[in-house]
Amino acid sequence: MTKIVAGRSCLVLAPHPDDETLGCGGVVMHKLAAWSHVEVIVATDGAASHLDDPTCTTSRDALVEMRERETRLACGELGLEPDHVSFLRFPDGALAQHARDLRDRLAEEIAARRPDEIYVCALVDGHRDHVALAQAVRHLAGEGRLGGAIHWEYPVWSFDFRSWRPPGRTNKAGYVLGVVQMLRTLRAAHVSSVSIKGLQARKRRALDQHRSQVGLLEEEPDWPGLPEAFLSFFFRDREVFFHIPPVQEFR
Ligand SMILES: [Zn+2]
């Protein structure tokens, strides 16, 4: 059984600004405390979070700049150096439309860093950008382009059962199908978890740096934040990860 080891270097791949902290904030702190090299790459520009909100008076460019600034602050709270956080700036909400470019960029970034481990959002998260990023990394793994890195997925939207429904299925049957699929996924998954006891307060301070996402933005007090009931999953005693075995183990 593959275990998560603090002494291994890692690359955290986040579809949006804030996923790195929600899914991996505790593991990042553990690794940095063990002097391991950690880098974070955010795939999309994060501009879609409030652009369609009727109260939004902020321009797209300003939103992108704001979300990158928030990510650097959040990662700084976790202990990361600013130059260990980078942004691929694919359009938020449209990662799947850039699948080939995304794979090529990821392959380049992985080859340049050669991390011991790669953490990416879970394929079962349901959100289209999360699915696209998880699929890109699985595709690279299938081609042997992860440089031998141990492949982990971290759940974010998997904690919200509404995300389990297959795309386009909004009725009751869709929910049932979603539950069945999630149970199948969990039965097949190699689940591991890491204690974050004692680190939750710092993880929360890091998340709160994503002020536009948690409803703390002074200039836009009407912007809704992520619901506390959802956020509570990320501040329990343990962070959960799915180990994705190398392709040859299936053969
Ligand atoms: Zn996300």
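In short, a report on the structure. All values derive from a computational prediction rather than experimental measurement.

On to the sheet that holds strand 7 (residues 238-244), then. The mixed open sheet is built from 7 strands, whose spatial order is 3-2-1-4-5-7-6. Of all the strands in the sheet, the pair left with one neighbour each is strand 3 (85-90) and strand 6 (190-195). Sheet twist, expressed as the mean angle between neighbouring strand axes with direction ignored, is 25°. Pairing of strand 1 (residues 10-14) with strand 4 (residues 117-121) involves 4 bridges; the strand directions are parallel. Across the sheet, Leu13 pairs through a bridge with Val120, a residue of strand 4. Here helix 3 (residues 60-78) sits on the sheet in contact with strand 2 (38-44) and strand 3, set at roughly 150° to strand 3. Each of strand 1, strand 2, strand 3 and strand 4 is contacted by helix 4 (residues 99-113), which is oriented at about 165° to strand 3, the strand it contacts most.

Every protein donor of the zinc ion is accounted for by His16 (ND1), Asp19 (OD) and His130 (NE2), and the metal-donor separations fall at 2.1 to 2.2 Å. Donor residues binding the zinc ion come from one chain and are separated in sequence as H-x2-D-x110-H. Of the two residues, Asp19 is situated in helix 1 (residues 19-33) and His130 in helix 5 (residues 128-142); the sequence distance between them amounts to 111 residues. Residue classification places Asp19 among the buried residues on the basis of a relative accessible area of 2%.

Conventions adopted
Residues numbered from 1 in each chain as written. Predicted model: local features only at pLDDT ≥ 70, side-chain atom pairs only at ≥ 80, totals over all residues. Heavy atoms only, no water. Pairing = 2+ DSSP bridges. Helix = DSSP H or I, 4+ residues; strand = E, 2+ residues; numbered from the N terminus. Axes fitted to C-alpha atoms, helices over the stretch in contact; angles between N-to-C directions. Contact = heavy atoms within 4.5 Å. Donors = N, O, S within 2.8 Å, 3.2 Å for Na, K, Ca; no water. Buried < 20%, exposed > 50% of the residue type's maximum accessible area, 1.4 Å probe, protein only.

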